[in-house]
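# Architecture and fold: a report
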Amino acid sequence: METGMISVDRWSEGSQAYFLTHLHADHTSGLTPTWKWGPLFCSRLTAKLFPMKFPGFKLSLLKILDLGNWYSLSLVSPSSGLPTAVQVMAIDANHCPGAVMYLFRGEFGSMLYTGDFRWEKRSQRAQIARTMLLNALKNEKLDTLHLDNTYCHPSYSFPSRNAAARQVANIIHSHPNHDIVIGIDSLGKEDLLFYISRLLKMKIWVWPERLQTMHLLGFLDNFTTKTSLTRVRAIPRYSFNMETLQALNTMRPTIGIMPSGLPWAAKYCKTKGNIFGPSPSTCSKKMTNGDLVFERYDEYTYSVPYSDHSCFFEIKEFVELLQPSNIKGIVSSSECFIEPQYYFGHFCGKKHDSRKLYHKFCDEEGDERFKGVRIQSPSKVNCNMSQRKRRKKEAGISSSRVNRVSLLRRMRRGIKIADADNESIPEKLHFFSV
DNA sequence: GCGATCAGGT
DNA sequence: CACACCTGATCGC
């Protein structure tokens, strides 16, 4: 598709229609309450959560796309100046609440943008999404797949979220006299918390803004902001650290559980031989409990492979199902980034030389790129920090400005709670003139 | 003075 | 490893 038509999760000026896949901060960078380049298309649930994240945003810019419907947009081709129609369908991405993929079709052919997605074949939601996708495509070939390639490497292997949730429950069961803290973000992992809450027949503490989110999502009874009611608390991931856990343990015995796909990235660069082989065991403290395996970091912290992104095998199944003509990775910032074409080119029925490129990459840099990162970054950090401190000292900057900025940010978060209001959501539309 | 953005950390 | 999001510094109006 030519540029100047649509943007997905990109918010700079110059497109005729903007699409938001979900509300995580790394997909809304550039979007502010004063943003005005709309219209902005998103799922119904994202629209419901939107005012909390962007209070004061002009809600008439939001256009809701219900799942599984085709919507038609009248755009203008920037090159010819002629009108051109683009059809779009939103499909459940099974990532965080409200997250969708977008299937587009028009003169350019067909294009699927997954955003962040989890493709758990056995989950009912993924099966519905699968049916929607296949019905929408009928027998047409998908021309371009923009793919969530976060874990697009065979070493990224982790279980379903249901299995990971059972691991969390298992850890909690084996600590009947401990307080539990679980690290979460502003959106996502609600099903995990809900599952634990039902299983333990216990409310889970969340911070006030998160409770507001839970209520918007329809969880009315399982969460609380009263600490006295429960021994299980979900806390922001940024405050989940060793210091916090040590402090908590001075008051009550407490363990931390971090649900994340990340620690399960096998350090394949350390292994010898076949990178397609099974994920190597990387943890010396792996513990078993029944038939479940979990990872213990230190005396307080457990890590559980609960991921809202697809593992490698799920990405493979997804690409195999769709067999697109072209694949592009959405995530490209990774040190470890490898074009999905390398693994899945054979599903695309196209000749390509990415395999050759990959080998070149490995041969030239191999383990060194990882060693380089490990060795260089601490010294670089130290250098930057000392430079920064020196500059600050030289400039004689007091901390009053900084404290004020931080305070304002915190106040705004508080105001968001008070202002949160989901009344004025626009009506469903099937045709949009842009 | 203030919002926007970047860098750096976890 | 790299997710999602924080804080603090700096930029530019």
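Rules used in this analysis
- Residues numbered from 1 in each chain as written.
- Chains lettered and ligands numbered in written order.
- Predicted model: local features only at pLDDT ≥ 70, side-chain atom pairs only at ≥ 80, totals over all residues.
- Heavy atoms only, no water.
- Helix = DSSP H or I, 4+ residues; strand = E, 2+ residues; numbered from the N terminus.
- Buried < 20%, exposed > 50% of the residue type's maximum accessible area, 1.4 Å probe, protein only.
- Contact = heavy atoms within 4.5 Å.
- Areas by Shrake-Rupley, 256 points an atom, 1.4 Å probe, with all protein chains shown as cover.
- Salt bridge = Lys/Arg side-chain N within 4 Å of Asp/Glu carboxyl O.
- Pairing = 2+ DSSP bridges.
- Axes fitted to C-alpha atoms, helices over the stretch in contact; angles between N-to-C directions.
- Arc of directions from axis to C-beta.
- Expected span 1.5 Å × (residues − 1).
- Core = buried A, V, L, I, M, F, W, Y, C linked by side-chain atoms within 4.5 Å.
- Parallel < 35°, antiparallel > 145°, perpendicular 65-115°, else oblique.
- Left-handed = near helix turned anticlockwise from the far one by under 90°.
- 1 Å grid on protein atoms, 1.4 Å probe; cavity = no way out; pocket = protein on both sides within 12 Å on 5 of 7 lines; lining within 4 Å.
- Points joined across faces, edges and corners; volume = space filled by probe spheres on them.
- Nonpolar A, V, L, I, M, F, W, Y, C, P; charged D, E, K, R; others polar.

### Notes on the overall build of chain A
Assigned secondary structure in chain A consists of 11 helices and 19 strands. Burial statistics for chain A: of 434 residues in total, 47% are counted as buried. Intrachain contacts of chain A at a sequence separation of at least 6 include 66% that bridge at least 24 residues. As displayed, chain A has an accessible area near 22600 Å², and 53% of this comes from carbon and sulfur atoms.

### Re the pattern of salt bridges
Overall, the coordinates contain 13 salt bridges when judged by the stated rule. Between arginine 161 and glutamate 120 there is a salt bridge, and its shortest N-O distance comes to 3.0 Å. Of this pair, arginine 161 sits in helix α3 (residues 161–173) while glutamate 120 is found in the loop between β8 (109–113) and α2 (124–137), placing the two residues 41 residues apart along the sequence. Accessibility assignment for this pair places arginine 161 and glutamate 120 in one class, buried. Taken together, the shared-partner salt bridges in this structure form one network comprising Arg118, Glu120, Arg161, Lys189, Asp308 and Glu314.

### Topic: unusual backbone geometry
Phi angles above zero are rare outside glycine, and aspartate 9 is one such case at about 55°. You can see aspartate 9 is positioned in the loop between β1 (6–8) and β2 (17–19). Aspartate 9 sits in the buried class, given a relative accessible area of 4%. Although it is not a glycine, lysine 138 sits at a positive phi angle of roughly 50°. On the accessibility criterion, lysine 138 (63% relative accessible area) is exposed.

### Let's talk about the sheet that holds β2
Taken in spatial order, the four strands line up as β1-β2-β3-β4 in an open sheet, and their pairing is parallel. Pairing within the sheet leaves two strands with one partner each, and these edge strands are β1 and β4 (62–64). The sheet shows a mean angle of 25° between the axes of neighbouring strands, direction not considered. Looking at chain direction, β2 and strand β3 (residues 40–42) are connected through two bridges and run parallel. In the strand pairing of β3, tyrosine 18 is matched with leucine 40.

### Regarding the pairing of strand β5 (residues 71–76)
When β5 meets strand β6 (residues 83–92), the two strands line up antiparallel, connected through six bridges. Residue pairing for β6: leucine 75 is matched across the bridge by threonine 84. With antiparallel pairing between neighbouring strands as the criterion, β5 and β6 make up a hairpin whose turn holds six residues, including glycine 81 at a positive phi of roughly 75°.

### Overview of helix α4 (residues 190–200)
Those residues of α4 not exposed but buried are Glu190, Leu192, Leu193, Ile196, Ser197 and Leu200. Each buried residue of α4 sits inside an arc of 160° when the element is viewed along its axis, so together they form one side. Lysine 201 sits one or two residues past α4 and shows a positive phi near 50°.

### Looking at α3
Between its first and last C-alpha, α3 extends 18 Å over 13 residues, near the 18 Å set by a 1.5 Å rise per residue. Within α3, 10 of the 13 residues are buried, leaving the element largely enclosed by the surrounding structure. If you check which residues of α3 are buried, you get Arg161, Ala163, Ala164, Ala165, Gln167, Val168, Ala169, Asn170, Ile171 and Ile172.

### As for the nonpolar core
In terms of nonpolar packing, the biggest core is built from 97 residues, with Phe19, Leu40, Tyr102, Ile257 and Phe318 touching the most fellow members. Leave out the neighbours within four places in its chain, and isoleucine 257 touches Val168, Ile171, Ile172, Ile180, Val181, Ile182, Gly183, Phe240, Tyr302 and Val304.

### Things to note about the packing of helix α1 (residues 44–53) against helix α5 (residues 208–216)
In a packed pair of helices, the relevant descriptors are the angle between the two axes and the axis-to-axis distance. The interhelical angle for the contact between α1 and α5, taken along N-to-C directions, is 160°, at an axis separation of 10 Å. As summarised for this structure, α1 and α5 are arranged roughly antiparallel, according to the angle between their axes. Remark: the crossing between α1 and α5 carries right-handed chirality. Contacts between α1 and α5 involve Lys48, Leu49 and Met52 from the first element and Glu209, Gln212, Thr213 and Leu216 from the second.

### Details of empty space enclosed by the protein
Applying the stated criterion to the full structure yields one cavity of 30 Å³ or more. By volume, the largest cavity amounts to about 50 Å³. Taken together, Trp70, Leu103, Phe104, Arg105, Ser110, Ala136, Leu137 and Glu140 form the lining of the largest cavity. Secondary-structure elements contributing two or more residues to the lining of the largest cavity are β7 (100–106) and α2. It is β7 that provides the largest number of residues to the lining of the largest cavity, a total of three residues. In terms of residue class, the lining of the largest cavity is made up of five nonpolar, one polar and two charged.

Function cannot be inferred from these measures alone, as they are strictly geometric.
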